[in-house]
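Notes for the structure review
Read off the chains here:
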Amino acid sequence: MEWLQLLQRFFSDFVRGAGITLELTAVGLTLGFVLGLLLALAKVYAPRLLRGAATAYIEVFRGTPLLVQLFLIYYGLPSLGITLSQTLSAYLALGLNSAAYQAEYLRGAIQAIGPSQMMAGRSIGLSRWQTIRHVILPQALRLALPSWSNEPISLLKTTAVVFLIAVQDLMAKAKRAATITYNPIASYLAVAAVYLLMVFVLNALLKWLERKTKIPGFDIDVKRV
Amino acid sequence: MSKPILTVKQLTKRYGSNTIFENIDLTVNEGDTIVIIGPSGTGKSTLLRCLNLLTKPDGGQIWLDDLEITAKGTDEDRVRQYIGMVFQNFLLFNHLTALENVKLGLVRVKHMPEKEAEAKALAELTRVGLADRAGHYPGQLSGGQQQRVGIARALAMDPRVMLFDEPTSALDPELIGEVLEVMRKLALDGMTMVVVTHEMGFAREVADRIVFMEKGSIVEEGSPDALFYHPKYERTREFLWKITELYGKKEAQA
Amino acid sequence: MDFGRFIQYIASGTAFTLGVTLIALPSGLLIGLVLAFVAVYGGKLAGKIMDVYSTVLRGIPPIVLLFILYFVMSGAVNLSPFWAGSISLGIISSAYQLEIFRGAILSVSGEQMMAARAVGLSKMQAIRYVVLPQMIRLVIPSWSNEAAIVIKDSSLVYAIGVPEILRRAQLISASTQQPFLAYITAALIYFTLVFITNRVLGRVERKLSIPVNP
């Protein structure tokens, strides 16, 4: 098949592109996790105003396409005086977007663990915050893992659109290959295979993580999408 | 005459338009074992949870020794170090081993150094007979074992008084005995305890005073003998004998 | 350019966005639903083939698939970007919908199928009268999530030149030097579409719900 030859020819190029893709995923995931956790905690424990703000954030970022968010940041912000590089814009868009999705996964888990464990923690004199930190979050994060695992994989696929603002990820390399070889189908098939491989490896990694962090004897069944 | 550890005056709790209980007065003296009995839904558990401020009362006052804990500005977290609670559903920290469950309060609240906390936690687990299960997770323990860990966790904080909220109601019959045994020993050792339960055998044997609550108020209270053999109210007699039919006999057989 | 025309220009892209969505979503539904039943009731081999279909189509970024299918289709059949894009998104969506329906069928199936057969219904009848009705109710939350995703993914056809909302926003931001406003407007329109969809489907879910008396 032609795409296989193409893969060989552009191998180092694709590897570099895949590296950027993974980098984008990692940064977006981390940013999204930190912000997402804050949003989730706000939605469960914060006073009404903060809770509403968190809800609004989540609704907006889940209710609009990532591409629009990306363009808004990269093309739109400069007219307000904030100019970010392509890479930075991509990081920001991916992170802000992912945060909204991660917030929902985390919130669900925190609420599932919630009230009775909170009561148990308070009963031995732990403060609210101590209970959240030492009792609820350790359990909630493990509980969230199966459904949360959808996010890293989803994010990996989502990063593919950033080539539209000229970030040199795997997709950009595919476009370059297509331009050089006049064979778009083979080029995109080739990177499709690479993406598939990355997703497969990521999936295996996440399953391993799930097994490693399991609490012995504690099994709440969460559906994997 | 021992001094009061918990004094409750005119305690009231409402949920919306429902009054759970109103103007409850109760005194718990040092070393007492008070058993609260009554039909389900009469607010016994809610009352208990007010005692350690997990639930906020709508009226009345509670004193722990000489401190009014219902006063504004009270450090609730600090108060809860002196009042231990054991829950019907155990509520162990699922992500921690038995030992870690007992240790958590010592390390995070009492700021004990690791070695000391570990030793004390092990001592408490030994006290409830579970030293050999220290490394097990709650999911790996039976209900009775989990509840005993729950008791150890509360005891580790060296509370002035222990509150038990239907500690055996969620247990399979054959596991109830081991928990009641631990509680019995505690009472004999002089711990001040307030227990909400249906276990009439335990109440008769161990309680210094039984409090019968119905529809949000205390109908009668007195020594087990007084309540069982010379109850002042017909309702008390009815309830006691009905419950003894269901639970007391079973416990006698165990 | 005055504000009214500004918004109008971008909003006119909505027709294309809706067009893409209304072709992709139903076709994804049809294919996904049929394949889901094949996967569950069609025997081991069929199940495995469906697994491959699902894994491959869901393991590749939608935009990559879009490009591949677009070039294949416009090369072979000379389809416009609009149609090529819409059908491609439909095929992509069918893989996700396959999983949604498969999960729902499996949740309902086991015991319900057993009970239905015990009464004497054939496999087809059981599916039609017992499994399907229950499955539909189960599926609505996940499906409305997928519907929102398709609406958002329709923005991808920007990259193959369809004059939908995002493309319009880009064109007008270039000519008016108002990129921020243009993209905010685009975002608002998408948000409204998603919002309405969620509301409507929420209504449907409530209407169809089986009464449970506590």
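The paragraphs below set out a description of the structure included in this document.

Rules of the game
- Residues numbered from 1 in each chain as written.
- Chains lettered and ligands numbered in written order.
- Predicted model: local features only at pLDDT ≥ 70, side-chain atom pairs only at ≥ 80, totals over all residues.
- Heavy atoms only, no water.
- Pairing = 2+ DSSP bridges.
- Helix = DSSP H or I, 4+ residues; strand = E, 2+ residues; numbered from the N terminus.
- Axes fitted to C-alpha atoms, helices over the stretch in contact; angles between N-to-C directions.
- Core = buried A, V, L, I, M, F, W, Y, C linked by side-chain atoms within 4.5 Å.
- Buried < 20%, exposed > 50% of the residue type's maximum accessible area, 1.4 Å probe, protein only.
- Contact = heavy atoms within 4.5 Å.
- Expected span 1.5 Å × (residues − 1).
- Buried area = accessible area lost by both parts, 1.4 Å probe.
- Salt bridge = Lys/Arg side-chain N within 4 Å of Asp/Glu carboxyl O.
- Polar contact = N/O pair within 3.5 Å; in protein donor to acceptor, adjacent residues only side chain to side chain.
- Nonpolar A, V, L, I, M, F, W, Y, C, P; charged D, E, K, R; others polar.
- Phe/Tyr/Trp six-rings, centres within 6.5 Å; stacked < 30°, edge-to-face > 60°.
- Lys NZ or Arg CZ within 6 Å of the ring centre and 35° of its normal.

Strand pairing in a sheet relies on backbone hydrogen bonds, with the paired strands running either antiparallel or parallel. Residues and elements named next belong to chain B. Strands sit in the order β6-β7-β8-β3-β9-β10 across an open sheet of 6 strands; the sheet is mixed. At either end of the open sheet lies a strand with only one pairing partner, and these are β6 (83-86) and β10 (217-222). Shown here is a sheet whose adjacent strand axes are inclined to one another by a mean of 20°, direction ignored. In this structure, strand β9 (residues 209-214) lies alongside β10, joined through 5 bridges in antiparallel fashion. For Met-213, the partnering residue across the bridge sits in β10 and is Ile-218.

Counting residues in each nonpolar core, the largest one holds 123 residues, and the members touching the most others are A:Phe14, A:Leu67, A:Phe71, C:Ile63 and C:Val64. In terms of residue count, helix α5 (residues 81-119) of chain C provides more of this core than any other element does, 13 residues in total. If we skip the residues at most four places from it in the chain, C:Val64 touches A:Met171, A:Tyr188, A:Val191, A:Ala192 and A:Tyr195. The next biggest cluster of nonpolar side chains, apart from the first, holds 54 residues, and it includes A:Val135, B:Ile5, B:Phe21 and B:Met213.

Once that is clear, we can look at unusual backbone geometry. Residues and elements named next belong to chain B. Phi is positive for Phe-90, close to 60°, though the residue is something other than glycine. Along the polypeptide, Phe-90 turns up in the loop between β6 and α3 (98-108). The class for Phe-90 is buried, based on a relative accessible area of 11%. The backbone of Asp-158 shows a phi angle near 50°, a positive value even though the residue is not glycine. Along the chain, Asp-158 turns up in the loop between α5 (143-155) and β7 (161-165). What makes Asp-158 partly exposed here is its relative accessible area of 45%.

Counted at 1.5 Å a residue, the expected span for helix α9 (residues 184-212) of chain A with its 29 residues is 42 Å, and the 42 Å between its end C-alpha atoms agrees. Burial in α9(A) covers these residues: A:Ala186, A:Ser187, A:Tyr188, A:Ala190, A:Val191, A:Ala192, A:Val194, A:Tyr195, A:Met198, A:Val199 and A:Leu206.

Taken together, the contacts link 24 residues of chain B with 21 residues of chain A. Here chain B packs against chain A, burying approximately 2000 Å² in sum over the two surfaces, 65% of which is carbon and sulfur. Between chain B and chain A we count 1 salt bridge in total. Across the pair B:Asp77 and A:Arg122 runs a salt bridge whose closest N-O atoms are separated by 3.0 Å.

This part takes up the pattern of salt bridges. Residues and elements named next belong to chain B. Under the criterion given, the structure shown has 29 salt bridges over all chains. With its nearest N and O atoms 2.4 Å apart, the salt bridge here joins Glu-214 to Arg-235. Separated by 21 residues along the polypeptide, Glu-214 in strand β9 and Arg-235 in helix α9 (residues 234-253) bring together distant segments of the chain. Classification of Glu-214 as buried rests on a relative accessible area of 13%. Look at Arg-235 and you get partly exposed, because its relative accessible area is 28%.

Turning our eyes to something else, we now look at the interface of chain C and chain A. Counting residues at the interface gives 31 residues for chain C, matched by 33 residues for chain A. With both chains or domains summed, chain C and chain A bury close to 2800 Å², and 81% of this area falls on carbon and sulfur atoms. Between chain C and chain A we count 4 residue pairs in polar contact (both at pLDDT 80 or more) in total. Elements with a contribution of two residues or more to the side of chain C that touches chain A: α3 (44-59), α4 (62-76), α5, α7 (165-176) and α8 (179-208) of chain C. Looking at the side of chain C that touches chain A, the element that brings in the most residues is α8(C), giving 9 residues. Across the side of chain C that touches chain A, the residue classes tally to 24 nonpolar, 5 polar and 2 charged.

Quick look at the packing of aromatic side chains now. Evaluated as defined, the whole model comprises 18 aromatic pairs over all chains. An angle of 20° between the planes, with centres 6.1 Å apart, marks the rings of A:Phe10 and A:Phe14 as stacked. According to the relative accessible area criterion, A:Phe10 is buried, its value standing at 7%. With a centroid separation of 5.0 Å and an interplanar angle of 90°, the aromatic rings of A:Tyr188 and C:Phe67 are classed as edge-to-face. With one member in each of two chains, A:Tyr188 in helix α9 and C:Phe67 in helix α4 form a pair that bridges those chains. Considered together, A:Tyr188 and C:Phe67 belong to a single accessibility category, that of buried residues. The structure contains a cluster of three or more aromatic residues connected by ring pairs, namely A:Phe71, A:Tyr74, A:Tyr75, C:Tyr158 and C:Tyr183. When the ring centre of C:Tyr9 is taken as origin, the NZ or CZ atom of C:Arg168, which lies over that ring, is 5.3 Å away.

What follows deals with the arrangement of the chains. Ranking by contact count across 2 pairs of chains in contact places chains A and C at the top. The smallest C-alpha distance separating chain B from chain C is 18 Å, and no contact links them.

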